[in-house]
Amino acid sequence: MRWFCFLFFLIGAAGCVTDKNATTGHIDLKMNRIDSLLEARSYFEAQRQFMVKKNGLSHFDSLRLAAVLTHHFNELEMSNTLINRLLSNFYLQMTDSLQSKLFALQYANHSKLYHYGTAYTLGKRLLRNYAKFLDEEEERGYRNANDIWKSLKEIPSQTSTVKGTSEIQMSRDKANLPNLPAAIDGRQMNFILDTGANISAIAESAAEELEMRHIRASILVGAITGKKVTASLAVCPSLQLGNMTFANVVFLVFPDEALHVEELDYQIRGILGFPVIEAMKQLTLTQDDRLLVPKTPEPLKEANMALNFLTPVIELEHMDGTKHPYTLDTGAVSSLLYPEYFKAYRKQIESDYEPEEFEFGGAGGSITHKGYKVSFAPKINGRALELDSVELITNDDAHTFRYFYGNLGQDVIQQFKTMTLNFESMYVSFN
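Here the structure is a predicted model, which is why all the values come from computation and not from measurement. (Residues numbered from 1 in each chain as written. Predicted model: local features only at pLDDT ≥ 70, side-chain atom pairs only at ≥ 80, totals over all residues. Heavy atoms only, no water.)

Caption draft 1: Representation of the overall build of the protein within the structure. Each helix and strand counted, the protein has eleven helices and 27 strands in total. Within the span of the protein, comprising 431 residues, buried residues form 56% of the whole. For the protein, the share of sequence-separated contacts (at least 6 apart) that also reach a separation of at least 24 residues comes to 67%. Carbon and sulfur atoms make up 46% of the accessible area of the protein, which amounts to about 18,300 Å² in all. (Helix = DSSP H or I, 4+ residues; strand = E, 2+ residues; numbered from the N terminus. Buried < 20%, exposed > 50% of the residue type's maximum accessible area, 1.4 Å probe, protein only. Contact = heavy atoms within 4.5 Å. Areas by Shrake-Rupley, 256 points an atom, 1.4 Å probe, with all protein chains shown as cover.)

In structure tokens, the structure reads:
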């Protein structure tokens, strides 16, 4: 069961910066194909198509698509450079709609670079000048996120210092999730290691115990249940993990009851989310629950991991040879398949399995979804896996599970002796 999942509603560049009539007045079918793939979050196929077709694209479209792809493959400074070129050379030829999308992409880049003041300024600009291009959900998301950046705009950016290679033994909690021991101002506490958490989180009592700097804010956070939980903010001046020290780490602070799992009578104390994990640059999780972080990341030529804002995405090959995107979540006990998977294999699923209902618990309570328990047999690193009774959700009225085919959890990770994530070369390796 997926006990909790934070889907922090920061609105980044949703996947596509497209405006077919922006400069050329006609539709370029090659460009349109890549835009469609980006809109569907098929980042890897979009990258492949771009590399094949980029010489035939206009300079404008080549810059525009490269700005989006570098964003999703974590080259944020390069993405900003390309956006600035577009705004400098083509601004007067752009529609307002395209301008808004470029500013949204720039906003997402600065958010991920911990440039809180710049993100706040860009967010205000989007809401003031381009609100007509935002739907109701997007506008709420920007306003909610801007409350965060406004509260943090005087806070220094998160930084990290690595003095040497780290090897840390983790433990498992009641929910069977990996917990990492951390030191904060001499105090020790275990944190769940969760790539699915867009931002680190902590229970209010733990934040007080660790004497974190409290920042007044009222932030709405979305959970897998579709419900919203109100949180505030805190900043940890120094957090130590092995030979790594992270400064100015931002935490969402939840009331204790919001992080209490009733089914297990388990109080979650703290969660280390994507910003801390990404700052490790490269980390290896082992089957015997060790975390290995080298002093210097190992480069790899071919990227096979992308980011949907702050969520890692990898591509799996199915038995029929098709490839589809999945999110990767170390904070999920079990993998979960989404409605897109059901749409692709509906006929076979309805023929082989009986429908069921599932209950998911998380921050904010629980919710029931309709679906099936199915066998799941993807290929990872050329190796075929088969998992039995993987829960497949078929209904998604709240659009919580859009775009991706599923979320990969500990049941997949534990099939391998090691899993390595590298956020510099953007690759994941299972061995």
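Next comes the rest of the write-up.
Caption draft 2: Representation of the packing of aromatic side chains within the structure. Taken as a whole and judged by the stated rule, the model has 15 aromatic pairs. Relative to Phe73, the ring of Phe44 lies with its centre 5.9 Å away and its plane at 80°, an arrangement referred to as edge-to-face. Here Phe44, found in helix H2 (residues 43–53), pairs with Phe73, found in the loop between helix H3 (59–72) and helix H4 (76–90); they are 29 residues apart in sequence, far enough to count as distant. The same class applies to Phe44 as to Phe73, namely buried. A centroid spacing of 4.9 Å and a plane angle of 45° characterise the contact between Phe416 and Phe430, whose relative ring orientation is tilted. With Phe416 in the loop between helix H11 (410–413) and strand E26 (418–422) and Phe430 in strand E27 (residues 427–430), this pair connects stretches of sequence that are 14 residues apart. The two residues Phe416 and Phe430 agree in class, both being buried. Through successive ring pairs, a cluster of aromatic residues spans Tyr326, Tyr341, Tyr345, Phe376 and Tyr405. One residue, Arg41, lies across the ring of Tyr403, its end atom 3.7 Å from the ring centre. If you follow Arg383 out to its NZ or CZ, it ends over the ring of Phe416, 4.7 Å from the centre. (Phe/Tyr/Trp six-rings, centres within 6.5 Å; stacked < 30°, edge-to-face > 60°. Lys NZ or Arg CZ within 6 Å of the ring centre and 35° of its normal.)

Caption draft 3: Inspection of the sheet that holds strand E14 (residues 282–286) at higher detail. With antiparallel pairing, the five strands of this open sheet are ordered in space as E3-E15-E14-E26-E27. Where the open sheet ends on each side, the last strands, each with one partner, are strand E3 (166–169) and E27. Pairwise comparison of adjacent strand axes, ignoring direction, gives a mean angle of 15° for this sheet. (Pairing = 2+ DSSP bridges. Axes fitted to C-alpha atoms, helices over the stretch in contact; angles between N-to-C directions.)

Caption draft 4: Fine view of the packing of H3 against helix H5 (residues 96–112). The contact between H3 and H5 brings their axes to 10 Å, and the two run at 30°. By the angle between their directions, the pair H3 and H5 is classed as roughly parallel. Judged by the twist between their axes, the crossing of H3 over H5 is left-handed. Across the interface between the two elements, Phe60, Arg64, Ala67, Val68 and His71 from H3 touch Leu98, Leu105, Ala108, Asn109 and Lys112 from H5. For the contact of H3 with H5, a count of residues per class yields six nonpolar, two polar and two charged. (Parallel < 35°, antiparallel > 145°, perpendicular 65-115°, else oblique. Left-handed = near helix turned anticlockwise from the far one by under 90°. Nonpolar A, V, L, I, M, F, W, Y, C, P; charged D, E, K, R; others polar.)

Caption draft 5: Up close: the side chain of Thr286. Its location among the elements puts Thr286 in strand E14. Residue classification places Thr286 among the buried residues on the basis of a relative accessible area of 7%. A polar side-chain atom of Thr286 sits 2.8 Å from the main-chain amide nitrogen of Arg290. For Thr286, the contacting residues outside a window of four places in its chain are Leu292, Gln414, Lys417 and Thr418. (Polar contact = N/O pair within 3.5 Å; in protein donor to acceptor, adjacent residues only side chain to side chain.)

Caption draft 6: Inspection of the nonpolar core at higher detail. Ranked by size, the top nonpolar core spans 76 residues in total, and within it Trp149, Leu152, Leu252 and Phe254 carry the most contacts. Broken down by element, the residue count for this core peaks at seven residues, all from H3. With 65 residues, the next largest nonpolar core counts Phe246, Val276, Leu316 and Tyr345 among its residues. (Core = buried A, V, L, I, M, F, W, Y, C linked by side-chain atoms within 4.5 Å.)

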